[in-house]
Amino acid sequence: TAAFGKWHNTPVNDLFRTGPFDMYPTGLGFSYFYGFLAGETSQYEPRLYENTNPIEPPYTPEEGYHLTEDLAAQAVKFIRNNRALTPDRPFFIYFAPGATHGPHHVASAWADKYKGKFDMGWEMLRNITFQKQKAMGWIPESAELTQMHPTMQRWADIPDSQRAFQLRLMEVYAGFLEHTDTQHGKILDELEHQGIINNTLIVYVFADNGASAEGLYGTLSELLAQNQLPTTVEQQIETLNNEYGGLQALGSKHLDNMYHGAWAWAGDTPFKSTKLVGAHFGGTRTPLVISWPKVIQHDRTPRSQFHHVSDIAPTIYEAVGIKPPGIVDGVAQQPFDGVSMVYTFNNASAVGRKSAQYFEVMGSRGVYKDGWFAGTLGPRIPWAPNATRMRLWEPDSDIWELYNLDADYSQAHDLAQQMPEKLAEMKSLFLVEAALNKVLPIGAGLYTLYYHPEEAPKSSLTEWNLFEGQTRIAESNAPLFRSGFSSLSKIQVEVPENASGVLYCIGGTSGGFTVYMDGGYLFAEYVATLMYPYRVKSSTPISPGLADIEVKLIYDTEVASIPAANLTLLVGGEVVGETRVEKSCKVIFDASETFDVGMDLGSPVSRVYEERLPFGFQGKINKLNIKYIHNSLVAGQRDSVYVI
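Residues numbered from 1 in each chain as written. Predicted model: local features only at pLDDT ≥ 70, side-chain atom pairs only at ≥ 80, totals over all residues. Heavy atoms only, no water.

Some thoughts on the overall build of the protein chain
Next, step 1: Per the secondary structure count, the protein chain includes eleven helices and 27 strands.
Next, step 2: By the compact-globule yardstick of 26 Å for 644 residues, the protein chain fits well, its C-alpha radius of gyration being 26 Å.
Next, step 3: Projected onto its principal axes, the C-alpha coordinates of the protein chain cover approximately 80 × 60 × 55 Å.
Next, step 4: Each of the 644 residues in the protein chain was classed as buried or not, and the buried ones make up 53%.
Next, step 5: If you sum the accessible surface of the protein chain, you get close to 28,500 Å²; carbon and sulfur atoms cover 52% of it.
Next, step 6: Charge separation in the protein chain, taken as the distance between the mean sites of 51 positive and 72 negative side-chain charges, equals 3 Å. (Helix = DSSP H or I, 4+ residues; strand = E, 2+ residues; numbered from the N terminus. Rg over C-alpha atoms; globule rule 2.2 N^0.38 Å. Buried < 20%, exposed > 50% of the residue type's maximum accessible area, 1.4 Å probe, protein only. Areas by Shrake-Rupley, 256 points an atom, 1.4 Å probe, with all protein chains shown as cover. Lys, Arg positive; Asp, Glu negative; His and termini not counted. Charge placed at Lys NZ, Arg CZ, Asp CG, Glu CD.)

Some points on helix H1 (residues 67-85)
Next, step 1: Given a rise of 1.5 Å per residue, 19 residues ought to cover 27 Å, and the 27 Å separating the end C-alpha atoms of H1 matches this to within 8%.
Next, step 2: Among the residues of H1, those classed as buried are Leu67, Thr68, Asp70, Leu71, Ala72, Gln74, Ala75, Val76, Phe78, Ile79 and Asn82. (Expected span 1.5 Å × (residues − 1).)

What to know about a nonpolar patch on the surface
Next, step 1: Taken together, the side chains of Met120, Met124 and Ile128 present a nonpolar region at the surface, about 230 Å² in accessible area.
Next, step 2: Along the polypeptide, Met124 turns up in helix H3 (residues 122-136).
Next, step 3: On the basis of relative accessibility, which here comes to 41%, the residue Met124 falls in the partly exposed class. (Patch = residues over 30% accessible without salt bridge, like charges linked within 9 Å, V, L, I, M, F, W, Y side chains within 5 Å. Salt bridge = Lys/Arg side-chain N within 4 Å of Asp/Glu carboxyl O.)

Here's the deal with the sheet that holds strand S21 (residues 521-527)
Next, step 1: One open sheet holds the six strands; their spatial order is S17-S26-S19-S20-S21-S22, and the pairing between them is antiparallel. The open sheet has two edge strands with one neighbour each: strand S17 (473-474) and strand S22 (533-537).
Next, step 2: Direction of pairing for strand S19 (residues 501-508) relative to strand S20 (residues 511-518): antiparallel, over a ladder of seven bridges. Within S20, the position partnered with Gly507 by the bridge is Gly512. (Pairing = 2+ DSSP bridges.)

Side note on the pairing of strand S25 (residues 574-581)
The two faces of a sheet get side chains in turn, since along a regular strand they alternate between them.
Next, step 1: In this sheet, S25 lies alongside strand S24 (residues 565-571) in antiparallel orientation, the contact comprising seven bridges. Bridged to Leu569 within S25 is Gly577.
Next, step 2: Hairpin connection from S24 to S25: two residues lie between these consecutive antiparallel strands, with Gly572 at a positive phi of about 60°.

What to know about the pattern of salt bridges
As a working rule, side chains carrying opposite charge can pair if their charged atoms are close by.
Next, step 1: Tallying each qualifying case throughout the model produces 23 salt bridges.
Next, step 2: Where Lys422 meets Glu425, a salt bridge forms, and the shortest distance between an N and an O atom there is 3.3 Å. With Lys422 and Glu425 both in helix H10 (residues 420-436) and three residues apart, the pair spans about one turn of that helix.
Next, step 3: As a salt-bridge pair, Arg580 and Glu582 come within 4.0 Å of each other at their nearest N and O atoms.
Next, step 4: When salt bridges that share partners are traced, they join Asp112, Lys115, Arg168 and Glu171 into one network.

Focus: the environment of Lys323
Next, step 1: Structurally, Lys323 is set in the loop between helix H9 (312-320) and strand S10 (327-328).
Next, step 2: Along the chain, Lys323 and Gly261 lie 62 residues apart, while their C-alpha atoms are 44 Å from each other.

So, the packing of helix H4 (residues 160-193) against helix H6 (residues 233-244)
Next, step 1: Put simply, H4 and H6 touch, their axes get as near as 10 Å, and they point 65° apart. Here H4 lies roughly perpendicular to H6, going by the angle between them. For H4 against H6, the interelement crossing comes out left-handed. Seen from H4, the contacting residues are Ser161, Gln162, Phe165 and Gln166; seen from H6, they are Val233, Glu234, Ile237 and Leu240. (Axes fitted to C-alpha atoms, helices over the stretch in contact; angles between N-to-C directions. Parallel < 35°, antiparallel > 145°, perpendicular 65-115°, else oblique. Left-handed = near helix turned anticlockwise from the far one by under 90°. Contact = heavy atoms within 4.5 Å.)

A short note on the confidence of the model for the protein chain
Next, step 1: Residues with a pLDDT of 70 or more make up 98% of the protein chain, whose mean pLDDT is 95.
Next, step 2: Within the model, the stretch residues 633-644 combines pLDDT values under 50 with 55 contacts to residues more than four positions away or in other chains. (pLDDT = per-residue confidence, 0-100.)

Points about the sheet that holds strand S15 (residues 401-404)
Next, step 1: Here we have four strands laid out as an open sheet, ordered S12-S13-S14-S15, and antiparallel in their pairing. Both outer strands of the open sheet, strand S12 (356-361) and S15, are each paired with one neighbouring strand and no more. Across this sheet, the average inter-strand angle for adjacent strands is 10°, counted without regard to direction.
Next, step 2: Taken together, the five bridges between strand S13 (residues 364-369) and strand S14 (residues 372-376) define a ladder with antiparallel strand orientation. By the bridge assignment, Val367 is partnered in S14 with Ala374.
Next, step 3: Contacting S12, S13, S14 and S15, H10 runs over the sheet at an angle of about 105° to S13.

Points about the environment of Ser510
Next, step 1: Position of Ser510 among the secondary structure elements: in the loop between S19 and S20.
Next, step 2: For Ser510, a relative accessible area of 2% corresponds to the buried category.
Next, step 3: When the C-alpha positions of Ser510 and Glu593 are compared, they lie 9.1 Å apart, and in sequence the two are 83 residues distant.
Next, step 4: Engagement of the side chain of Ser510 in a polar contact is seen with the side chain of Asp590, the distance being 2.5 Å. (Polar contact = N/O pair within 3.5 Å; in protein donor to acceptor, adjacent residues only side chain to side chain.)

Let's talk about the environment of Ile55
Next, step 1: Position of Ile55 relative to the elements: it lies in strand S4 (residues 53-55).
Next, step 2: On the basis of relative accessibility, which here comes to 22%, the residue Ile55 falls in the partly exposed class.
Next, step 3: Separated by 417 residues in the primary sequence, Ile55 and Arg472 have C-alpha atoms spaced 9.1 Å apart.
Next, step 4: Once residues lying within four places of it in the same chain are set aside, the contact partners of Ile55 are Tyr34, Leu48, Tyr49, Glu50 and Arg472.

Describing H6
Next, step 1: In this model, H6 (twelve residues) spans 15 Å end to end at C-alpha, consistent with the 16 Å of a helix rising 1.5 Å per residue.
Next, step 2: Among all positions in H6, only Val233, Gln236, Ile237, Thr239, Leu240 and Tyr244 are buried. Each buried residue of H6 lies within a common arc of 160° when the element is viewed along its axis, so the set occupies one face.
Next, step 3: Residues of H6 that are buried sit in contact with H4, strand S7 (217-219) and helix H5 (223-226). (Arc of directions from axis to C-beta.)

Encoded structure:
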């Protein structure tokens, strides 16, 4: 068994080189793992793991590296090793690339193939897609195209000065999607080459949710939204043109771009809403294809039975004739929530066997029961942060909707007003299902993201003594430099002539904090996403020899919606540089980048040394002590929350 790609199941406070490893893929049944342990990572400079060991990519972006290609190559290698050495042993592969999750990273040649394809805008694209879906027989003839939510920006309202930017973001996404599909094809080609595709069960799930609107109004840096940092599209276009060379940089390693939320809505045709909504199928519905030529007779009829991702495991068990064990390692197992889909394999019109299914994500929720669906949007609108109701949210006051899916495939007609008794029945069912599946209390996922960020997973330490060469420390287990964490770093170094190299850093291109030397000068740089970098440089070069360096990052004590700080460099107790960090990151610097001592692995925090990675320090770091000082700032009330 092997797992490749995204694994977002390991608790961040387990991400240590010394374990525990029981929640890693290899601790949960897989004999081999190659991928990343995070919600997302750079496609060009990913933070990879092999089994439980952090590793670096086998070659560089300049040499043509791309994560999705690497993952496909590793999967092919696994198949070949299995067939060459143990041809009688069946194998199981879980392949979940980070694509097309953000950031949208792909070579410009792939994006260029889609130039002009989306010039009509997202509403017209949605109309065209809807007609194609019907022509293909993919959706019922009776399905209706749902209307645009009133909070969503219309294409006609996009200024001419922004349209090229918005179009290129979508072209990049389309190229990224085709590139990803091509890599999947390489694995299927290998199965065919080995002569085993006829008796291989393939379960292909197009995505783990609906298309994502987390790019909001189109962005160079998706973590602007997660950190609630204010910016305008015009400001981002100006930065793109002035700092990165214009539109062709979109999709490159230098940016963490994501498209406008309305492109996501168009991608969710014909449904309402996007990812992070449990009430509408635009947030949850995704195509599923099952192939097993030896067993399943090919036909072109889409299966209309209602099913959920929880049904995949029971399907595999039944297909291969294995009875799930009741006890594993002495632990009684929970019963499956899912229902096998084998009954649909050769009977497109079979009566559905899935009776009920709940949905919940950050307070947005829904429930299915025998052709009926009820749901409520919850406190947030993912594509419209200014429309959030977080401060006044009371789950019991949420307005619910009701749909008869047998007659209304796309949830176009809300029947809540006409059928209050049915709605009450469905709402009660949701609470039953939520209790059975440990969902309660409603909105619990918002607890640390919104109400109590100070309780988010982090190290229990308040002081660290680190050593040169210590790398790949997860952000949650390292010293924090995010909003409110004032710190003092003391570094004893042996400085050579014209010293260069990183002393320590955390994060990467999307955001971070780095202290380094270059040409004998001392630098510190706080990158509150690529839109807000702050750099300080020592007034004079640091003299060769033994040096005691201090770096102070002191946050203001006043409550602020976007905390600011003073950043000070000292050498031998004397101040050699100061700057003001006007905006800081509240939530996260990067989804997968780490803390490194003596170098900067992965993507660079600073563009100053991006062509010299890993920019190892040329001298010697004898001591590195980092500790929190003063009281942590309590950030102002959060206005919106986004999750990766």
